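# Overview (structure and organization)
As a plain string of letters, each chain reads:
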Amino acid sequence: MGQVSEVSAKNESKVTSHSHIKHLGLSSTGVAITNDTGGFVGQAEAREAGGIIVDLIKTKKMAGKAILLAGGPGTGKTALALAISQELGPKVPFCPIVGSQIFSAEVKKTELLMENFRRAIGLRIKEIKEVYEGEVTELTPEESENPLGGYGKTISHVILGLKSAKGTKTLRLDPSIYESIQKERIVIGDVIYIESNTGAVKRVGRSDAYATEFDLEAEEYVPLPKGDVHKKKEIVQDVTLHDLDVANSRPQGGQDVISMMGQLLKPRKTEITDKLRLEVNNIVSKYINQGIAELIPGVLFIDEVNMLDIECFTYLNRALESPIAPVVIFASNRGLTTIRGCDADEKGPHGCPPDLIDRLLIVRTLPYNIQEVRSIVLKRSRHENLSLSQEALDRLAYLGSAKSLRYSLQLLSPASILAGVSGRNEIAAEDVLQAEDLFIDAKRSALILEANSKYYL
Ligand SMILES: Nc1ncnc2c1ncn2[C@@H]1O[C@H](COP(=O)(O)OP(=O)(O)OP(=O)(O)O)[C@@H](O)[C@H]1O
Ligand SMILES: [Mg+2]
């Protein structure tokens, strides 16, 4: 007998360094909750500032503004930016990059900067379309003798039965539509819609009347569509301006947003010129004026901003003043340091020129005290499914505040392995101490280097 095992529909999410951060953890009035379950500990002011940023973005009052998250290493700047993106939800574009990412041998850095700017600006297109929507009740291809003679038969058309809450309809479709039906792997019992003037077929999901059937695959079950089979339906699509640029840069690109979107399927490296962008902008503003599309400014997050150089900064100054600009969030852990591309003695705060700093709203992240480190370590250990003894937690909290938070978080996994080797489930203080011996922290490493400099080149 064959074995049947259940497949859970839930994808297990991977544990990454920020995956314990679920949201900013603010009350409805925007105050940071002290004992929040969202994963964020302490840093109340920065979180509240983050909450205000989220509100301003959602009410679209923030476009073209820039924010700087400034604070020492490991104080949660990247975590804060990710929490902001989570609060914004999936519909608002969030484009995270690192300062060094825009330097490439092939493409100009300002070009890449602009590209990422446009990845952070969304366009929501609403269209009223005439569609046939319903659950498939019948799907029979009708064959006929090949009119050109010879062997075999060709499909002359397809009979498709659709059922909705209000009625049923039988459609006679072209063979070309049958091909897209096959591509979408549509079978009887699926809920689909067909756009009546383009013939585009879309599978919505499986009808929930079939929800009890024996099915090993994770399926999305949807209710029977309301209303008639033939109706007008509002179809909403979210794209970014960059998507449209790419689509339009293809030679066969059409002149309106809808046909450009048809080209989105295959990404290919092509040059996007300023002229092309202007073209896209013109089309987009036409759509906005007609009320078909709506601009959704998102967030461009540039981590390690000190890696940008003076040319990028002047370009950014200009780009931020354009009428369509996203919110730009910078982060830096540097203090007063050289501005790249300037003379070595020209220093700026966070490696930014003073005129850019002047345009920024600055949010500080502060170092953690030992209690805060303790709860971060505890949150992290729960997230990684590790259990810690009281003494082990004390030791990790001490390490986190005396050495660095990252060091203490990084010791968690080796310590859990050491505990496992000794046959324990719970991490004890001795495991942490042993892990400390095996993996030294940055300060100790520097001391060792200094003391043994003669052994190194
Ligand atoms: N307040 C906090 N609550 C929970 N976890 C935190 C908090 N602050 C930082 N962390 C966690 O600590 C680690 C380091 O934080 P993060 O990477 O955000 O620091 P950073 O400020 O971006 O540092 P760097 O300047 O080095 O990039 C991450 O795993 C992060 O999720
Ligand atoms: Mg960071």
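Cut-offs and rules
Residues numbered from 1 in each chain as written. Chains lettered and ligands numbered in written order. Predicted model: local features only at pLDDT ≥ 70, side-chain atom pairs only at ≥ 80, totals over all residues. Heavy atoms only, no water. Helix = DSSP H or I, 4+ residues; strand = E, 2+ residues; numbered from the N terminus. Contact = heavy atoms within 4.5 Å. Buried < 20%, exposed > 50% of the residue type's maximum accessible area, 1.4 Å probe, protein only. Pairing = 2+ DSSP bridges. 1 Å grid on protein atoms, 1.4 Å probe; cavity = no way out; pocket = protein on both sides within 12 Å on 5 of 7 lines; lining within 4 Å. Points joined across faces, edges and corners; volume = space filled by probe spheres on them. Nonpolar A, V, L, I, M, F, W, Y, C, P; charged D, E, K, R; others polar. Domains from an automatic or database assignment. Salt bridge = Lys/Arg side-chain N within 4 Å of Asp/Glu carboxyl O.

### So, the environment of isoleucine 339
- Locating isoleucine 339 in the fold gives a position in the loop between strand E13 (336–338) and strand E14 (347–349).
- For the pair isoleucine 339 and isoleucine 310, spaced 29 residues apart in the sequence, the C-alpha separation amounts to 6.8 Å.
- The residues touching isoleucine 339, leaving out its near neighbours within four places in the chain, are Ile310, Phe313, Glu346, Lys347, Gly348, Gly351, Cys352 and Pro353.

### Regarding the side chain of asparagine 317
- Here asparagine 317 shows up in helix H8 (residues 310–320).
- Assessed through its relative accessible area of 8%, asparagine 317 is described here as buried.
- With sequence-adjacent residues up to four places away left out, asparagine 317 is seen in contact with Asp355, Leu356 and Arg359.

### A few points about the pairing of strand E3 (residues 121–145)
- Two strands pair when backbone bridges link them, and E3 and strand E10 (residues 293–297) are joined in this way by 5 bridges, in the antiparallel orientation. Bridge assignment links arginine 124 to a residue of E10, and that residue is glutamate 294.
- Across 11 bridges, E3 lies against strand E9 (residues 230–240) in antiparallel orientation. Considered in E9, the bridge of isoleucine 125 is made with glutamine 237.
- Inspection of the sheet shows E3 paired to strand E6 (residues 190–195) by 5 bridges, in the antiparallel sense. In the sheet register, glutamate 135 faces E6, and the bridge partner there is valine 191.
- By the bridge criterion, 10 bridges tie E3 to strand E4 (residues 153–163) in an arrangement that is antiparallel. When the bridges of E4 are listed, glutamate 145 appears paired with lysine 153.

### Overview of the layout of surface pockets
- One number sums up the size of the second largest pocket: a volume of about 590 Å³.
- Taken together, 28 residues line the second largest pocket, and the ones lying closest to its centre are Ser17, His18, Gly74, Arg406 and Leu409.
- Looking at the lining of the second largest pocket, the elements that each hand over two or more residues are helix H2 (77–88), strand E12 (327–332), helix H10 (370–383) and helix H12 (405–421).
- The element best represented in the lining of the second largest pocket is H12, accounting for 4 residues.
- Partitioning the lining of the second largest pocket into residue classes produces 10 nonpolar, 12 polar and 6 charged.
- Summarising the domain contributions, the lining of the second largest pocket has at least three residues from each of domain 1 (44–120 + 298–364) and domain 3 (370–455).

### Some details on the pattern of salt bridges
- Scanning all chains against the criterion turns up 23 salt bridges.
- Here lysine 91 makes a salt bridge to aspartate 238, at a shortest N to O gap of 3.8 Å. Here lysine 91 is found in the loop between H2 and strand E2 (94–98), whereas its partner aspartate 238 is found in strand E9, with 147 residues between them in sequence.
- For aspartate 238, a relative accessible area of 34% corresponds to the partly exposed category.
- A salt bridge links lysine 231 to glutamate 133, with the nearest nitrogen and oxygen atoms 2.8 Å apart. Taken as a pair, lysine 231 in strand E9 and glutamate 133 in strand E3 lie far apart in primary sequence, 98 residues in all.
- Given the relative accessible area of 19%, lysine 231 is considered buried.

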